Amino acid sequence: MAEPRTGPLTVAGRVLAGTLSVAVLGASGLVWYEYRQLDSGMVKSGALAEARKNAPPHLDQSVNLLLIGLDSRKDMDGNDLPKEFVEEELHAGSSEIGGYNTNALIVLHIPANGGKVTALSVPRDDYVQTVGADGKMHKIKEAYGIAKGAAEQKLSGKGLSKPELERQSREAGRAATLQTVQSFLDIPIDHFAEVNLIGFYDIAKAVEPIQVCLNNPVDDPIVARTATHEGGGTGLRLPAGVSSLDARQALSFVRQRHHLKNGDLDRTHRQQAFISSVVYKLKQDGVVGDLGRLQRLFDVVKKDVVIDDRWNVLDFAQQAPNLTGGNVEFNTLPITGFKNIGGQEVNTVDPGQIKRIVKQLFGHEVPPEAAPSAPAEQVVPVVPAAFAVPVATRTTTPAAPRSTHSPRTGSPSASPEAPSTGPGADPTGPAPDLPMQGPAVRAGGIPCVD
């Protein structure tokens, strides 16, 4: 992926920062004063208003929260992030390579009855029709940048200050992202949280050391990145099993995509496992009950996270105790293969299949006419060979791989996947017969991933 900066960090950055932010917000539900203080200092966005105009209908009283990990080397005013951070700490190349891709998109479905929270990661390279951008087919991560760029052109002659131009154009990017995700998954988005690249580092710094678990040792040497050469690598070297990471290592853990059998798809599970580990640490370390430490986390959240202006933090904390209680399961939506379109490697998907999976996983009735008419016609997700471990609860049908994809080592093949393992992990997947991209990651411990 020759993307500006390795989206993985951002990915995890956003993911972690977004979900961790949610965890932090929900952790002290009884401390009303602290909530008021936090809510009053948050950066708010009105982008949800545009998305609500054409949102799919609500089928119950559940809440869908979208976590957006924005891949940008700019701060909220449009200024470059410090060179020493981007180039020396992240090894991500210069700020000139930057962009506005949403390299992490995770939907948290919080049921009305207070049951298990379901988290769904949308692979960033899924090739979908954008809504609110230019209406054309693109990688889903590109909707934000396309809409932001178009808005900047329209606003450039209006004499806006640089910070105001950045703010307004980002609002267009957020609105396009929300609408595109809603259309792709056929669900309404009720709230969202967006995190800046540096937010991940700040939050990881506030909670380090953080334990993670690897199924295999990793060695990811750094190759210099320039404006004309993608480069890559994070410098991460870790043994198999549990390791304790500082903030710099945490960035590398969630950024790595080279030297992994399934590239970006493996990295998605890293993000999910890292979120689980951080939330687990907050509970184990008693941060929830320590107002001093909690306030430091609040300060990070207020600086680096953007939330929608309809989000009442106190109400949300009372509604979603399972987020901090560890009753969360992460899954990655399936792809059908890889394809080169216009010189770009993309994930192919079956939109109808995605919508059916989401409805079933969220406990909604799937209309009979939406279901496949016969097993032979069923589109089976591509599950990389690394996950080809039979599991009784999964009954997907094998299918021949469609194509290979050079940055994603390992040919895709459809096979049942193995559940998460590791200290405190619950080796259970979603409902039987629901195909997913790789293993489920269950919160409440330190899941082991590749």
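Residues numbered from 1 in each chain as written. Predicted model: local features only at pLDDT ≥ 70, side-chain atom pairs only at ≥ 80, totals over all residues. Heavy atoms only, no water.

1. Examining the pairing of strand β15 (residues 344-348)
Here is the rule we go by: Here, a strand pair is defined by DSSP locating no fewer than two bridges between the strands. Runs of H or I in DSSP of at least four residues are treated as helices and runs of E of at least two as strands, each being numbered from the N terminus.
Looking at chain direction, strand β14 (residues 337-341) and β15 are connected through five bridges and run antiparallel. Paired with G337 across the strands is T348, a residue of β15. With antiparallel pairing between neighbouring strands as the criterion, β14 and β15 make up a hairpin whose turn holds two residues, including G342 at a positive phi of roughly 60°.

2. What to know about the pattern of salt bridges
For clarity, the cut-off: The salt bridge criterion pairs a side-chain nitrogen of Lys or Arg with a carboxyl oxygen of Asp or Glu, the two atoms within 4 Å. Each residue is placed in one exposure class: buried if its accessible area under a 1.4 Å probe, protein chains only, is under 20% of its type's maximum, exposed if it is over 50%, and partly exposed if it falls in between.
Here the structure, examined in full by the defined rule, presents 15 salt bridges. Put simply, E166 and K148 hold a salt bridge, and the shortest N to O gap is 3.4 Å. Taken together, the positions of E166 in helix α6 (residues 162-185) and K148 in helix α5 (residues 143-155) put the pair 18 residues apart, joining distant regions of the chain. Residue classification places E166 among the buried residues on the basis of a relative accessible area of 6%. In this structure, the salt-bridge partner of R237 is D219, at a minimum N-O distance of 3.8 Å. Pair noted here: R237 is in strand β10 (residues 236-238) and D219 is in strand β9 (residues 218-220), with a separation of 18 residues, a long-range link. Given a relative accessible area of 63%, R237 falls into the exposed group. Through salt bridges with shared partners, one network takes in K148, E152, E166 and R170.

3. Things to note about the nonpolar core
Counted only if it meets this: Note on terminology: a nonpolar core comprises buried Ala, Val, Leu, Ile, Met, Phe, Trp, Tyr and Cys residues joined through side-chain atoms within 4.5 Å. In this description, contact between two residues means that some pair of their heavy atoms is separated by no more than 4.5 Å.
Counting 44 residues, the largest nonpolar core has L108, F200, F253, F274, V305 and F330 as the members making the most contacts within it. A total of six residues in this core trace back to one element, the largest contributor, which is helix α9 (residues 263-284). Excluding its chain neighbours within four sequence positions, the residues that come into contact with F253 are V212, L214, L236, L245, R270, F274 and V449. Core analysis: the second largest hydrophobic core is formed by 31 residues, I68, F184, I187 and I335 among them.

4. Examining the sheet that holds strand β4 (residues 117-121)
Ordered in space as β1-β12-β7-β2-β3-β4-β13-β18, the eight strands form an open sheet in which the pairing is mixed. Edge positions in the sheet fall to β1 (43-45) and β18 (441-442), since each of these pairs with one other strand and no more. Across three bridges, strand β7 (residues 191-195) lies against strand β12 (residues 305-308) in antiparallel orientation. Bridging from a neighbouring strand, A193 pairs with I307 of β12.

5. Here's the deal with the environment of V181
Of note, V181 is situated in helix α6. On the accessibility criterion, V181 (1% relative accessible area) is buried. Counting along the chain gives 53 residues from V181 to V128, while the straight-line C-alpha distance between them is 9.4 Å. Those residues in contact with V181 that lie beyond four places of it in its chain are L66, L105, V107, I140, D186 and I189.

6. Describing the packing of aromatic side chains
Our working rule: Side-chain rings of Phe, Tyr and Trp (the six-membered ring for Trp) are treated as a pair once their centres are within 6.5 Å; stacked means planes under 30 degrees apart, edge-to-face means over 60, and tilted covers the remaining angles. The criterion is that NZ of a Lys, or CZ of an Arg, lies within 6 Å of the ring centre and within 35 degrees of the ring normal, and then a charge sits over that ring.
Throughout the structure, instances matching the rule amount to two aromatic pairs. Taken together, a centroid distance of 6.5 Å and an interplanar angle of 5° make the contact between Y100 and Y144 stacked. Of this pair, Y100 sits in the loop between α4 (83-89) and β3 (101-110) while Y144 sits in helix α5, placing them 44 residues apart in sequence. The burial state of Y100 is the same as that of Y144; both residues are buried. Measuring from centroid to centroid gives 6.2 Å for F253 and F274, while their planes differ by 40°, and the two rings are tilted. Residue F253 is found in helix α8 (residues 247-255), and its partner F274 is found in helix α9; the two are separated by 21 residues along the sequence. The two residues F253 and F274 agree in class, both being buried. Here the basic side chain of K148 rests over the ring of Y100, its NZ or CZ set 4.3 Å away from the ring centre.

7. Things to note about the state of the cysteines
Basically, it comes down to this: Pairs of cysteine sulfur atoms within 2.5 Å are what we label disulfides.
Summed over the entire model, instances satisfying the criterion amount to one disulfide. Note that C213 is cross-linked by a disulfide to C448, the S-S spacing being 1.8 Å. The chirality of the disulfide connecting C213 with C448 is right-handed, given an S-S dihedral of about 65°. Linking C213 in strand β8 (residues 210-214) with C448 in strand β19 (residues 448-449), this pair joins segments that are 235 residues apart in sequence. What makes C213 buried here is its relative accessible area of 5%. Residue C448 is classed as buried on the basis of its relative accessible area, which comes to 13%.

8. Brief notes about α9
Condition: Expected span of a helix, by definition, is 1.5 Å for each gap between consecutive residues, and there is one gap fewer than residues.
Its 22 residues place the ends of α9 31 Å apart at the C-alpha level, agreeing with the 32 Å of an ideal helix rising 1.5 Å per residue. With 19 of its 22 residues buried, α9 lies for the most part within the structure. At the exit of α9 stands G286, carrying a positive phi of roughly 70°.

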